[in-house]
Number of protein chains: 2
Amino acid sequence: MEKMDIVLGKEKTPLVFKNARVLNVYTKEWERTDIAVKDGQILGTGKYDGDREIDCENRYIVPGFIDTHLHLESTLVHPKYLITEAAKTGTTTFIVDPHEAANVSGTDGIQFILDETEDVMASCFIMLPSCVPCIPGEQSGAQLRAEDLAPFLSHERVLGLGEVMDCRSVFEGAEEMMEKLRLFENKPKDGHNTGLSEHELNAYRLAGIQTNHEMTTYEDAKKEISKGFYCHIREGSAARNLKDIVRGIVEDKGSTRFYTFCTDDKHIHDILEEGHISHSIRKAIGLGIPPEEAYQMASLNGAICYGLNKKGAIAPGKDADLVLLKDPKKVIIDEVYHQGKKVEGNPVIGPTPENLLQTVHLGEFTVDHLKDVDCDDIMVLIPDQLLTKRIPYEEGDHGHLNKILLAERHGKTGDIGLGWVQGYGIKNGALATSVSHDNHNIIAIGDNDLDIYQGIRHLEKTGGGYVLVEKGKIVGSLPLEIMGLMTNESYEKVNRTLSRMKEKAHQMGIPRNIEPFILPSFLALTVIPEIRISSKGMVIVK
Amino acid sequence: MEKMDIVLGKEKTPLVFKNARVLNVYTKEWERTDIAVKDGQILGTGKYDGDREIDCENRYIVPGFIDTHLHLESTLVHPKYLITEAAKTGTTTFIVDPHEAANVSGTDGIQFILDETEDVMASCFIMLPSCVPCIPGEQSGAQLRAEDLAPFLSHERVLGLGEVMDCRSVFEGAEEMMEKLRLFENKPKDGHNTGLSEHELNAYRLAGIQTNHEMTTYEDAKKEISKGFYCHIREGSAARNLKDIVRGIVEDKGSTRFYTFCTDDKHIHDILEEGHISHSIRKAIGLGIPPEEAYQMASLNGAICYGLNKKGAIAPGKDADLVLLKDPKKVIIDEVYHQGKKVEGNPVIGPTPENLLQTVHLGEFTVDHLKDVDCDDIMVLIPDQLLTKRIPYEEGDHGHLNKILLAERHGKTGDIGLGWVQGYGIKNGALATSVSHDNHNIIAIGDNDLDIYQGIRHLEKTGGGYVLVEKGKIVGSLPLEIMGLMTNESYEKVNRTLSRMKEKAHQMGIPRNIEPFILPSFLALTVIPEIRISSKGMVIVK
């Protein structure tokens, strides 16, 4: 009842943001008002007196931003670093899919992400990975069935089912997929699709999937919205779809009601450079979305989409997630509050659970096993793209070829697949990494078997990471001891190490228009055309 | 999997609406498309072939309308009649609050409404009455506590908590109210308020209440929406708030996202005359709301508000609730389909449960008990209004006064409250009725004790209803045998009887600008100013 007495003005409020220009995302209007806060919750707006008052006379306040879809693992550092840096730029709610962690360590990986997002300066909700492995038959570290996901459903921060990328299983009614869809029947289910026909889109929506973040054009986005999907406009480090979609909305004078913003994968480096969801808002405003609407897309829309009743607006009963701005049009952020507490400082990282360390378990093999390559096609890299081409191995002179290899590392089959790649250009050495979407086996590329072998064996010792070997010597190493995906080291240190290794890699012959580390991490992702490497050898992707 | 094969176009669809202009309420655009339907569910839009095809070449199709708040009991006839007639005008979803039934028969009344809305030509969802009696201390037929409502929560058509009209209990944190709010913590909770201060509105929203249908001005509606409420724009038989609110939206160029339509109380006579939610849509279009948006307000907005995932749009997975129009701007309805079945014919009414019959249980009293009136004020009726005025009894000549009385009829206290009323004007007789909001005790008005007494005793025999007595003779009687609120007789017969009785009532002296039956039914509603009758005597309402 104390709360009621305070909101009714009978008692003083513990904390009041005084006299700000506050964006009401329901009416899309700015109101000159106080915000009364107690225990991290907004009690009301209007006139209030506080035990503690924060003067906001010259500031604007908007609701904390929501990233409606992201993976925390892809920044190489501990999740708390990314959350902290993104929260400082106004993102106070994260809808997280621990897809990579689950592909390596299964439910332990999910539990890790749940635990490490508990005590942070933001609210993190979890969508449980639906496709582990991402396609039936992939040699990932775990296989998650409905019964594996079920125990997580009672967790208060678990919202629903993560991106259902295995569309085929949905259309074919594959039993495992059906079990998952049934388990999450009345919960949000995220999608992940491109290029579906109208009938397939109907089927996908009929299965209860209600979002997509893979739209790249306004036409696609509008088509999916017309079927009842939400469009999470993605603007991350690599995939940047905002401009095309938002330009379409503006030209078409379309409604923004079913659009939200997400990053999917955005690295700390880019967050520090340009912001997080704040960058999406700024860009959308620049393209012609009225600021009030851009902030609405970044807050209320996502909250409604996921039924987050305590998020998305500055109104009674909502969490006091507040972004204080100096300039709302330019999205110049002054301070950020999450549940009434100022977002500041650095996170405290605790020890990593033992079962997530030393996760590289290779089969028995010697350097001789890497000798004989049996493949009909060569993988050809295309500068600045994730796509690859293939050319027949027989045809003529292929210039400088590298050997490419994928070694199952989850201690299951010990399979090693071999092939040839053109365009990577590494000489007198090899690169190896355990970051290899989505199964995260060991991928290695080199021009001699000894260096390749040494690189792989090095990763076995560090528990994964990135390694560069030159003429039998380790010339660069970034251990990623957590599941072979992340490290507890600071972002700054990781960045320094990677920069040095990157420069060294280019010196070893990798062209400047090829990203020496990120590109290889995608060469085993057997959903991107035209040719990939698997633990069974080269595969052609249609 | 059959469904998947059909939606993917591999198999023929059982039912296809061919080639209509279909309103997409997500994009607010008209699409030329087929609608594929199986087992009452929309599988998809696009091109489909059907075993059965309905040609819609010259017709428009919009999603079935949602009435976001109504009471079924106030039409005097069985709920199925109202639902049928309203469904024929396009309302295919009803969000029903069985408040009147609950006030008379408690949980039995709620169960009756649940049972009788099961097998109908529309989808009926129930909001459980939160305030029975409407204010603590009222002598209603039942008192519903949280524990009485709890067993209904598992019913699939029960959505949440009905209109919380007892705002004071919310603000004061009255334990009974808190228990109900806790019980419905994560469910929709409807409001009912007027004239709250900004602090009170904050408190009301903080309590989790999220809708209101009592707004009469745009200013109020916008204020509440800015706090996070939905505004259900009411357009019923008596209360008609649409014009003022919609005019405000249009002038202000306001967003309609948080507005829906409701009727609250709309009589069959008016439904047949002008439509139901269809009338609200037509009126909104007439006032300047674009048709596409008016239909969106009538469908998608309400579905989102109440989390009705299968309602609100023509899209994969939604119920096939379709309104076929000849003219969308004029809302000229051709056919209506509910879950793929055409709405037509008349309902079949089964026998009424015994426990809802013979519900008038008066105390022991004789005509002598009605003799002595002890009150300081006279109730003065105001033509065409529900409001009353009061004047002191002492002051001068009061002209023709009637005696007014409220007799507890639920077999609890047997209390009878007496007073004087000016302006009703009945001579040589009396009117009595068991329809008396919200406690539904017996209200009677007359100019002589004998006729009043006879009227009351007559209702005891019929189990309630309306009765008109003149000089010791029953000159008109409408038995409402179900809880004293409704009858199983047809609407037509009820209407004929009421018309005759109305004419007779006017002949007996009731002025033409006073509704002889509806007005008395509100004279015991102790929340409307300025003076009312209770079973304890006259009460002043601030």
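Before any of the text, the structure's been laid out above.
Overview of the structure. A quick note: this is a predicted structure, and the numbers were derived from the prediction, not measured.

### A word on helix α11 (residues 277–286) of chain B
Residue and element names in this part refer to chain B.
- Judged by how many residues are buried, α11 sits mostly within the fold: seven of ten residues are covered.
- The complete set of buried residues in α11 reads I277, S278, H279, S280, I281, A284 and I285.
- One or two residues past the end of α11 sits G288, with phi positive at roughly 115 degrees.

### Let's talk about the packing of aromatic side chains
- Applying the stated criterion across every chain, the model contains 20 aromatic pairs over all chains.
- On the numbers, 5.3 Å between centres and 80 degrees between planes, the contact of F258(A) with Y26(B) is edge-to-face. Note that F258(A) is positioned in the loop between α9 (242–252) and β13 (259–262) and Y26(B) in the loop between β1 (13–24) and β2 (29–38), a pairing that runs across two chains. Neither residue differs from the other here; F258(A) and Y26(B) are each classed as buried.
- Of the aromatic side chains, those joined through ring pairs into one cluster are Y26(A), Y230(B) and F258(B).
- In this structure, R457(A) packs its charged tip against the face of F365(A), placed 4.3 Å from the ring centre.
- Across from the ring centre of F229(B), 5.9 Å away, lies the NZ or CZ of R205(B), which sits over that ring.

### Remarks on the packing of helix α8 (residues 218–226) of chain B against helix α9 (residues 242–252) of chain B
All names here are of chain B.
- Interaxial distance between α8 and α9 falls to 8 Å at its minimum, and their mutual angle equals 70 degrees. Compared by their axis directions, α8 and α9 come out roughly perpendicular. Taking contact as the criterion, the partners of Y218, A221 and K222 in α8 are, on α9, D244, I245, G248, I249 and D252.

### Looking at the pattern of salt bridges
- Scanning the entire structure with this criterion turns up 76 salt bridges over all chains.
- Each of R59(A), K326(A), D334(A), E335(A) and K342(A) takes part in one network of salt bridges that share partners.

### Considering the relation of the copies chain B and chain A
- When chain B is brought onto chain A, the operation consists of a screw motion whose angular component is 180 degrees and whose axial shift is 0.0 Å, with 0.2 Å RMSD remaining. Taken together, the rotation and translation relating the two chain copies correspond to the operation of a two-fold axis.
- In this assembly the copies share their binding face: 100% of the residues contributing to the interface of chain B also contribute to that of chain A.

### With respect to the state of the cysteines
Residue and element names in this part refer to chain B.
- Tallied over the entire structure, the rule returns zero disulfides over all chains.
- Residue C231 stays outside any disulfide, its sulfur separated by 8.2 Å from that of C262, the closest cysteine.
- We classify C231 as buried; its relative accessible area is 1%.

Cut-offs used in this document
Along each chain, residue indices are assigned from 1 in the same order as the chain's sequence is written. Numbering of ligands from 1 and lettering of chains from A proceed in the order in which they are written. For this predicted model, a pLDDT threshold of at least 70 governs which residues receive local features, and a threshold of 80 or more governs which side-chain atom pairs are given and counted, while totals over whole chains, interfaces and linings are taken from all residues. Remark: hydrogens and water are excluded; side-chain values derive from all non-hydrogen atoms of the structure. Partly exposed describes any residue whose relative accessible area lies between the buried limit of under 20% and the exposed limit of over 50%, with all areas from a 1.4 Å probe on protein chains only and scaled to the type maximum. Each helix is a run of DSSP H or I of at least 4 residues and each strand a run of E of at least 2, with the numbering of both proceeding from the N terminus. Stacked, edge-to-face and tilted are the three classes for Phe, Tyr and Trp ring pairs, Trp counted by its six-membered ring, which pair at centre distances within 6.5 Å; planes under 30 degrees apart are stacked, over 60 edge-to-face, the rest tilted. Criterion for a charge above a ring: Arg CZ or Lys NZ at most 6 Å from the ring centre, at most 35 degrees from the ring normal. Fitted lines through C-alpha atoms give the axes, limited to the stretch in contact for helices. The angle between two N-to-C directions lies from 0 to 180 degrees. Note that the term roughly parallel is reserved for angles under 35 degrees, roughly antiparallel for angles over 145, roughly perpendicular for angles of 65 to 115, and oblique for everything else. Whether two residues are in contact is decided by their heavy atoms, any of which lying within 4.5 Å being enough. Put simply, a salt bridge is a Lys or Arg side-chain nitrogen that is within 4 Å of an Asp or Glu carboxyl oxygen. For the least-squares superposition of copies, only C-alpha atoms count, and only for residues with pLDDT at least 70 in both. The disulfide definition used here is simple: a pair of cysteine sulfur atoms within 2.5 Å.

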